[in-house]
Amino acid sequence: MSAIACAFWAGFALPAKADNPTWDFTAYLYLWAPALSGETTTGNSIDVSFSDILDNLDFGLMGAVKARRAKLSVFVDALYLNLSNDQNSAVGPGIPASSDVDVEGTVFTGSVGYDLVDAPGTLFTVLGGVRSLNLDNTVDIEVSGGSQRVSGKINNWDVVVGLRGTRQFSDRWGMSYYADIGAGESDLTTQLSLAANYKINNWDLVLGYRYLDWNIGNSQAISDLTFDGPFVGARFDF
């Protein structure tokens, strides 16, 4: 069983000179501690804590890269995980119920941004792009001796629009934020993040919180899916 490793994305780069004719690249590496929550199409809730994810994670891998030239930027972020979880509950007095949830898949977000504000210590970028959610999901539900299996594939592409920015308070301390919203094959998808940055030599230590949510709508197994939790990571320019 492997430990979860994540890469967090948001616009954490310091402003570049507007007349810079070259591309600057930034890589993001970090550990994310998300909880998984949501709801199945049969009305059962999904609630998996970070410790449960660690216990049931088969594999997890995430990474992000940003390329920036003058006021334009391109950002790509990818996430892969494979996990399962068994839950026991009750649907009524003396009526036990159990559910076995298996989730495997990838999340990819790609966007193009334009800097509306590029001043010393402040960067504010508007962006547009796409997010893809590709999941194989299976939910086995057993209630009072009866059982039901609901499974399916989710291959959703959604258009997202949003903003990201940074604010430097000193030579070492700063903050970063990100928000987007979109729809398409999903009824609605949103992402939010807020982080504090601390510069150490030629890299930044990043501490923050990330929220990623879908109202799926077209799945036979899962209708709502949310990942949210704190993260710690690093940002490197190259």
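The text that follows walks through the structure, step by step, so that each part is easy to find.

**A short note on the pattern of salt bridges**
And then number 1: Scanning the entire structure with this criterion turns up seven salt bridges.
And then number 2: Between Arg68 and Asp115 there is a salt bridge, and its shortest N-O distance comes to 2.6 Å. Here Arg68, found in strand 4 (residues 57–69), pairs with Asp115, found in strand 6 (residues 95–119); they are 47 residues apart in sequence, far enough to count as distant. Each member of the pair, Arg68 as well as Asp115, is classed as buried.
And then number 3: For the salt bridge of Arg68 with Asp118, the shortest nitrogen-to-oxygen distance reads 3.3 Å. In this pair, Arg68 sits in strand 4 while Asp118 sits in strand 6, placing the two residues 50 residues apart along the sequence.
And then number 4: Taking the relative accessible area as the measure of exposure, Arg68 reaches 4% and is therefore buried.
And then number 5: The network of salt bridges with common partners includes Lys199, Asp204, Arg235 and Asp237.

**Describing the environment of Gly182**
And then number 1: Tracing the chain through its elements places Gly182 in strand 9 (residues 173–184).
And then number 2: By relative accessible area, which is 9% here, Gly182 ends up buried.
And then number 3: Counting along the chain gives 21 residues from Gly182 to Val161, while the straight-line C-alpha distance between them is 6.3 Å.

**Section: the side chain of Asp115**
And then number 1: Since its relative accessible area comes to 2%, Asp115 is described here as buried.
And then number 2: In contact with Asp115, not counting residues within four places along its chain, are Arg68, Ala70, Lys71, Leu123, Phe124 and Thr125.

Conventions and cut-offs
Residues numbered from 1 in each chain as written. Predicted model: local features only at pLDDT ≥ 70, side-chain atom pairs only at ≥ 80, totals over all residues. Heavy atoms only, no water. Salt bridge = Lys/Arg side-chain N within 4 Å of Asp/Glu carboxyl O. Helix = DSSP H or I, 4+ residues; strand = E, 2+ residues; numbered from the N terminus. Buried < 20%, exposed > 50% of the residue type's maximum accessible area, 1.4 Å probe, protein only. Contact = heavy atoms within 4.5 Å.

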